Structure formats: C-alpha cells, structure tokens
Amino acid sequence: MALLSFRKNKDVTETTVNPQLEAFLQDYSIEVMPRTAEKVEDFRELLPAGTRVYIAHIEGTPIEDMVSTAKRLTADGYKAMPHFPARIIKDEAMLADWIARYQGEAGVDQALLLAGGVTEPHGDYHSSMQLLESGQFDKAGFKRLHVAGHPEGNRDIDKDGSDTLVMEALRWKQRFNDTTDAEMAMATQFAFEAKPIIAWADAIKDAEITLPIHIGIAGPAKLQTMIKFAIACGVGPSLKVLQKRAKDVTKLLLPFEPTDVLTELAAHKAAHPDFNITNVHFFPLGGIKTNANWAIANGGTSAVPASQS
C-alpha cells in the first residue's frame, strides 16, 4: 500500500491506493497528438519518468510536427512511439524518410504500426503487415514494434462481424515476431467492460498468440465525449456500459472514469499472474492532464511524475 502526495509544499495528504491497481498501472503508456501535446506545459509534472508516449499520426498532420513532438518527448526523458499508419504512407521512399527523420532528429527506436483511419490508401501500403514486411524497421534497428489489437472486433476488417480476418492477421504477426530482433506487443482499441476484455485476451492465448497485450483504456472524460469517441472508433458490446450510465441523470454530467474496469482487470491479473495483458495504454479523451491526474491519484508509486521522483 502506498501513501503518496505530490504537493510541492510540506502539507502532506495521505492517499490510500489499491495495491493491485498500483501494480497493474506500472509502466503504463499514454497517447498524444502534436496539437494536444502543445497544450502541455511540462510533461514531467504529469507523467512518470520513462513513460512510453504514443504519438498519433492523423491524416494531414505534417511529418515535421510529428518529429518535433517526438524530439520534445525524448528530450524530456520519455519513450516516443510514433504511429506509422500504412494507408497514408505513399511508398517505400516516404517510409524510409520518416524512419530516418525520427531516428536522426528525435532518437526514436520504436513504433506502432497500423493500417490507419483512412479508407483509401494514399499509395503502396494498406496494412501494417506490409510495413513489417518491408524490412525497413529491422534495417534501422528499431528495438520495439507494436501492432494493433481489437478486443471487440473491427468492422473495417471483418465486415461480417466475425473476427476471422483479424485473427489471421494476428497469427501472421505472431510468425513475424519469431523473425525480428525487435520486441513486439499488441496495443488495443479501448473498451469499457472488463469481462469481455478478459474473454478476448484468453481467446488470443488459446490461439497460441503470445504477443503481450497493452490494453487500451479511455481516460476520464465527459460521458458525451466518451460516447462520441466510442461510436467513432467502433467500440461494440461494452458501449452498453456508457449507455446505461447515460440513462442515470444523476451521473450524466459527471466524468466517466476508468476506475471500475481497471480495478477488475487488476484483480484478475493479481489472481492470474500469467494473464497476457501486461500493460495499460491510455487514450486521454478528456485531456492529457486530466488522465495523468487520475493516474497520480490512483496509481501510487506507478504514477509518480518525473518532477517528483
């Protein structure tokens, strides 16, 4: 049990944290975009030292802005992990240029590879598997490569609502994992209910896919914001958790927090140490500062900001 305070004065307020949740939040990661990162005055006031920070690459974002954000994070002692969305990368030359820029200007050695949120590819690539197959990341000596996971399926891939094509892709990535020197893991879309997440993770394990899972969790946000993002991102069965809350007018204006889902997942992890969800990845839908402050309040020693450690 941890008793922590992050006030700068000598007034110490003791906060009791759940030790299982504290352990589960160890080495959590968080996602930013260049425009959201600009609003953060000092990441070291919010995030633990060495936190992995994914940088989402939305269509239309200049690569210069992406690299600049990565450079700032690296300089502050964080592990910058930019997205490489296959469908907005025109060709091998562009892919090589991006890798060289990230490495040369920002010291980046890890990446999240995904298809990307656009329907029509801008060029030669349409899937993360093609990016992996290119050999560019291994050639550049990237130490860590993450791929996407979908606890509630992906209608863009399996239009019939099954998980047939998604599972085929994961098996391919598992085979690629055996050939690369990079450490691989699966970073997932967010969901709101623990039991379906646990069932999905167990099914992944039963399919002999051993990639560690970094489970996507939506950070605290207004309920209306959460529902909007959930629908836009294709969140399925666990959306009912939000819909049920929306019917309760006493909770309608309160922020939705990830405490319940993470507490349940943490308890499952404590009871099953070999559970294949190894890390938490936050989507800060209500803002980076709001998400970080929730982690500080609930994560004990796992969430001490760099400036306070």
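Everything below is about the structure shown above.
Keep in mind that this is a model prediction, so the values were computed, not measured. (Residues numbered from 1 in each chain as written. Predicted model: local features only at pLDDT ≥ 70, side-chain atom pairs only at ≥ 80, totals over all residues. Heavy atoms only, no water.)

Where do I start with the overall build of the protein chain in this structure?
Of regular secondary structure, the protein chain possesses 12 helices and 12 strands. Residue pairs in contact within the protein chain that sit at least 24 positions apart in sequence constitute 77% of those at least 6 positions apart. Accessible surface computed for the protein chain: about 14900 Å², of which carbon and sulfur atoms make up 51%. (Helix = DSSP H or I, 4+ residues; strand = E, 2+ residues; numbered from the N terminus. Contact = heavy atoms within 4.5 Å. Areas by Shrake-Rupley, 256 points an atom, 1.4 Å probe, with all protein chains shown as cover.)

Any chance you could explain the pattern of salt bridges here in plain terms?
When charged atoms on two side chains of opposite charge get close, those side chains can pair. Tallying each qualifying case throughout the model produces 6 salt bridges. Salt-bridge contacts for Arg 101 lead to Glu 64; the nearest nitrogen and oxygen are separated by 3.1 Å. Here Glu 64 lies in helix 3 (residues 63-75) and Arg 101 lies in helix 4 (residues 92-106), a separation of 37 residues in the sequence. Ionic pairing is found between Arg 144 and Glu 183, a salt bridge with its closest N-O pair at 3.1 Å. Highlighted residues: Arg 144 in strand 7 (residues 144-149) and Glu 183 in strand 8 (residues 183-190), separated in sequence by 39 residues. A network of salt bridges, in which partner residues are shared, links Glu 64, Asp 97 and Arg 101. (Salt bridge = Lys/Arg side-chain N within 4 Å of Asp/Glu carboxyl O.)

Whenever I open this one, the side chain of Thr 188 confuses me. Can you help?
With respect to the helices, strands and loops of the structure, Thr 188 is situated in strand 8. When its relative accessible area of 2% is taken as the criterion, Thr 188 is described as buried. Side-chain polar atoms of Thr 188 contact the backbone nitrogen of Gly 216, separated by 2.8 Å. Once you skip the residues sitting within four places of it in the chain, Thr 188 turns out to touch Gly 149, Pro 151, Trp 200, Ile 213, His 214, Ile 215, Gly 216 and Phe 283. (Buried < 20%, exposed > 50% of the residue type's maximum accessible area, 1.4 Å probe, protein only. Polar contact = N/O pair within 3.5 Å; in protein donor to acceptor, adjacent residues only side chain to side chain.)

Sorry, what's going on with the environment of Asp 91 here?
Considering the arrangement of structural elements, one finds Asp 91 in the loop between strand 5 (79-85) and helix 4. By relative accessible area, which is 31% here, Asp 91 ends up partly exposed. For the pair formed by Asp 91 and Gly 123, sequence separation is 32 residues and the distance between their alpha carbons is 6.0 Å. Excluding its chain neighbours within four sequence positions, the residues that come into contact with Asp 91 are Asp 124 and Tyr 125. Polar contacts involving the side chain of Asp 91 include one to the main-chain amide nitrogen of Met 94, which spans 2.9 Å.

How should the side chain of Arg 87 be read in this particular structure?
Looking at the secondary structure, you find Arg 87 in the loop between strand 5 and helix 4. With sequence-adjacent residues up to four places away left out, Arg 87 is seen in contact with Ala 115, Gly 116, Val 118, Thr 119, Glu 120, Pro 121, His 122, Tyr 125 and His 126.

How do you make sense of the packing of aromatic side chains when you look at a structure like this?
Centre distance and the angle of the planes are the two values used to describe a pair of aromatic rings. Tallying each qualifying case throughout the model produces 10 aromatic pairs. Relative to Phe 137, the ring of Phe 84 lies with its centre 5.0 Å away and its plane at 85°, an arrangement referred to as edge-to-face. One end of the pair, Phe 84, is in strand 5; the other, Phe 137, is in helix 6 (residues 136-139), and 53 residues separate them in sequence. A relative accessible area of 1% means that Phe 137 is categorised as buried. Both rings, one in Trp 172 and one in Phe 176, keep their centres 5.7 Å apart while their planes meet at 10°; by these two values the pair is stacked. In this pair, Trp 172 and Phe 176 both sit in helix 7 (residues 164-177), 4 residues apart, roughly one turn of the helix. For the pair formed by Trp 172 and Phe 176, the shared burial category is buried. (Phe/Tyr/Trp six-rings, centres within 6.5 Å; stacked < 30°, edge-to-face > 60°.)

For this particular structure, what's the right way to read empty space enclosed by the protein?
This structure, assessed with the given rule, holds 1 cavity of 30 Å³ or more. Approximately 40 Å³ is the volume attributed to the largest cavity. Looking at the largest cavity, the residues that line it are Ala 191, Phe 192, Ile 217, Ala 218, Phe 256, Pro 258 and Val 261. Considering only residue class, the lining of the largest cavity consists of 7 nonpolar, no polar and no charged. (1 Å grid on protein atoms, 1.4 Å probe; cavity = no way out; pocket = protein on both sides within 12 Å on 5 of 7 lines; lining within 4 Å. Points joined across faces, edges and corners; volume = space filled by probe spheres on them. Nonpolar A, V, L, I, M, F, W, Y, C, P; charged D, E, K, R; others polar.)

What exactly am I supposed to notice about helix 4 here?
One turn of the α-helix equals 3.6 residues, which is why residues spaced by three or four share an orientation. Its 15 residues place the ends of helix 4 21 Å apart at the C-alpha level, agreeing with the 21 Å of an ideal helix rising 1.5 Å per residue. When helix 4 is considered as a whole, its buried residues turn out to be Leu 95, Trp 98, Ile 99, Tyr 102 and Ala 106. Taken down its axis, helix 4 places every buried residue within 95° of arc, on the same side. Structural note: helix 4 exposes Ala 93 and Gly 104 on the side pointing more than 90 degrees away from its buried face. Lining the buried residues of helix 4 we find helix 3, strand 5, helix 5 (128-133) and helix 6. Two to three positions downstream of the cap, the backbone nitrogen of Ala 93 sits 3.2 Å from a side-chain oxygen, assigning the N-cap of helix 4 to Asp 91. Gly 107 sits one or two positions beyond helix 4 and adopts a positive phi of about 65°. (Expected span 1.5 Å × (residues − 1). Arc of directions from axis to C-beta.)

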